[in-house]
Amino acid sequence: MHIGILGGMMDPIHIGHMNAARAALRAGMDTVLIAPCQAPAHRAAPVASAEARVDMCRLAAAKENKIKVSTVDLREGPCYTADTIRILQDQYPGAELWWIIGADKLPTLPCWRDKEYLFAHCGFLVCPRTFSDVSIQVPDARIRILDAEAITASSGQVVAALHTYHDAADLLPHDVSRYIALHGLYQPDYTSALSRFGLSGSRVQHTLGVRETAVDLADRFGARMQAAAVAAMLHDIAKAMPLTEMQDVVSRWDLALPDEILKSGNLLHGPAGAAIAEHELGVLDPEILSAIACHTVGKPGMSKLEKILFIADAIEPNRRPYPGLEELRQLVQTDLDAAVLASMRRTREYVLSKGGRFCTITEAAMQELAAQKEENA
Ligand code: FE
Ligand code: FE
């Protein structure tokens, strides 16, 4: 039995890690253990919790029957590789153990703690990395060079992509990207921002439900999951403000809005929330901002992301039942536009039944959606 072990913070696990693991299998390993670790003493703490990092590793390995996840390196206290090898020798008696490292680590091997024991009980599989020399000799160490393509992906690159609300499809396994969006990882702590802006516990629950639904729909309809997640988290950020405060916010940022929106907190918290997201929370993505701005009334020419947030708000799992809710949930599984239109129609019926005046912008959005539907029929 040959076991390859791939250690590292896995913050998050990315395609480069998976390529290294697969190369180790091609090199004759029967199994590869992905073993996320605690932060070494000289490194900053990981962004994601140990639990989340393990979850992401499990998702990445879920479809690979020879790649498993081990929590051996998440034990308390300093985690030296030699100690990990001792534990794995107990767990897998008689197995031949090979530690997978990037070529950049090769020159450091002579300085690894307890190296006599380590070199005697563990070999090293070296992944080529751009700009790293794989021909370095390390006395007494058994070294094999993997045929992995030079690994260029790094967690830093992944996090940079996530910070601009991209799913990093070329760097992350899909299910990992989805997990990150669903849990709001590698983004600011927007849950505490919601509390700061006075949202009640049930409103926060609603927001988390909208995120879950919006990410699911973004995945289904091919929109950015990270963008859907952030738009969902912030869509009701202004909801707890008194109307006059919302009006102050939009006038401070010179937003020209029609009276029908300006005079209703139910409608104005969309544009006010977008202004807060942009100017106070530093969200600069125009599509996210406009999705927040129009989540209350919609508009003609809505983007996919705007439609997703609009309908996710109406059907998230914590919504109290209302007539037509289950039909909307069914409809959106197959037809995003039809669900948005149906939801707007339902709102119009409701508003008119209460003797209110229905928003003309929503009316225009509905006409456009209905016309497109007819064209496509
Ligand atoms: Fe809202
Ligand atoms: Fe909402």
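Computed from a predicted structure; not experimentally measured.

Colleague: Hey, could you run me through helix 5 (residues 155–163) in this one?
Modeller: Taken as a whole, helix 5 has its buried residues at V158, V159, A161 and L162. With its buried residues spanning 160° around the axis, helix 5 presents them on a single face. At its buried positions, helix 5 is contacted by helix 6 (174–183) and helix 9 (225–234). At the exit of helix 5 stands Y165, carrying a positive phi of roughly 65°.

Colleague: Just to check I follow, could you spell out the coordination of the iron ion (ligand 2) for this structure?
Modeller: For the iron ion (ligand 2), the full set of protein donor atoms is H206 (NE2), H235 (NE2), D236 (OD) and D313 (OD), at a range of 2.2 to 2.3 Å. Seen from the iron ion (ligand 2), its four donor atoms lie at angles of 81 to 174°, and the figure they make is irregular. Ordering the donors of the iron ion (ligand 2) by residue number gives the pattern H-x28-H-D-x76-D. Between the iron ion (ligand 2) and the iron ion (ligand 1) the interatomic distance comes to 3.3 Å, and D236 is a ligand of both metals.

Colleague: Can you walk me through the pairing of strand 4 (residues 96–102) in this structure?
Modeller: The two faces of the sheet receive side chains in turn, since in a regular strand these alternate between them. In terms of burial, strand 4 is a largely internal element, six of the seven residues being buried. Here five bridges tie strand 1 (residues 2–8) to strand 4, and the two strands are oriented parallel to one another. What sits directly across from I5, in strand 4, is W99. Pairing between strand 4 and strand 5 (residues 122–127): six bridges, direction parallel. Following the sheet pairing, G102 is matched in strand 5 by C127.

Colleague: How should the packing of helix 16 (residues 336–353) against helix 17 (residues 360–376) be read in this particular structure?
Modeller: Relative placement of two packed helices is described by the angle separating their axes and the distance separating the axes. One can describe the packing of helix 16 onto helix 17 by two numbers: an axis separation of 10 Å at closest approach and a directional angle of 140°. In this view, helix 16 runs oblique relative to helix 17, as classed from their interaxial angle. Remark: the crossing between helix 16 and helix 17 carries left-handed chirality. The segment helix 16 lies against helix 17, with D337, V340, L341, M344, R345 and R348 engaging T362, E363, A365, M366, L369, A370, Q372 and K373.

Colleague: How do you make sense of the coordination of the iron ion (ligand 1) when you look at a structure like this?
Modeller: Metal coordination angles have textbook ideals: 109.5 degrees for a tetrahedral set of four donors and 90 or 180 degrees for an octahedral set of six. Distances from the iron ion (ligand 1) to its protein donors, D236 (OD), H269 (NE2) and H295 (NE2), fall within 2.1 to 2.2 Å. Along the chain, the residues donating to the iron ion (ligand 1) are arranged with the sequence spacing D-x32-H-x25-H.

Colleague: How should I be thinking about the packing of helix 6 against helix 9 in this particular structure?
Modeller: At a minimum axis distance of 8 Å, the contact between helix 6 and helix 9 shows a crossing angle of 10°. One element, helix 6, and the other, helix 9, form an angle in the roughly parallel class. Each of H174, S177, R178, I180 and A181 in helix 6 lies in contact with helix 9, whose residues at this interface are M225, Q226 and A229. In terms of residue class, the contact of helix 6 with helix 9 is built from four nonpolar, three polar and one charged.

Colleague: Got a minute to help me understand the packing of aromatic side chains in this structure?
Modeller: Pairs of aromatic rings are described using the distance from one ring centre to the other and the angle between the two planes. In total, this model carries two aromatic pairs according to the counting rule given. Where W112 meets F124, the ring centres are 5.8 Å apart and the plane angle is 85°; that geometry is what we call edge-to-face. Here W112 is found in the loop between strand 4 and helix 4 (115–121), whereas its partner F124 is found in strand 5, with 12 residues between them in sequence. Look at W112 and you get buried, because its relative accessible area is 19%. Arranged with centres 5.7 Å apart and planes meeting at 85°, the rings of F119 and F124 form a pair that is edge-to-face.

Rules behind the numbers
- Residues numbered from 1 in each chain as written.
- Chains lettered and ligands numbered in written order.
- Predicted model: local features only at pLDDT ≥ 70, side-chain atom pairs only at ≥ 80, totals over all residues.
- Heavy atoms only, no water.
- Buried < 20%, exposed > 50% of the residue type's maximum accessible area, 1.4 Å probe, protein only.
- Helix = DSSP H or I, 4+ residues; strand = E, 2+ residues; numbered from the N terminus.
- Arc of directions from axis to C-beta.
- Contact = heavy atoms within 4.5 Å.
- Donors = N, O, S within 2.8 Å, 3.2 Å for Na, K, Ca; no water.
- Tetrahedral: all angles 85-135°; square planar, octahedral: opposite > 155°, others 65-115°.
- Pairing = 2+ DSSP bridges.
- Axes fitted to C-alpha atoms, helices over the stretch in contact; angles between N-to-C directions.
- Parallel < 35°, antiparallel > 145°, perpendicular 65-115°, else oblique.
- Left-handed = near helix turned anticlockwise from the far one by under 90°.
- Nonpolar A, V, L, I, M, F, W, Y, C, P; charged D, E, K, R; others polar.
- Phe/Tyr/Trp six-rings, centres within 6.5 Å; stacked < 30°, edge-to-face > 60°.

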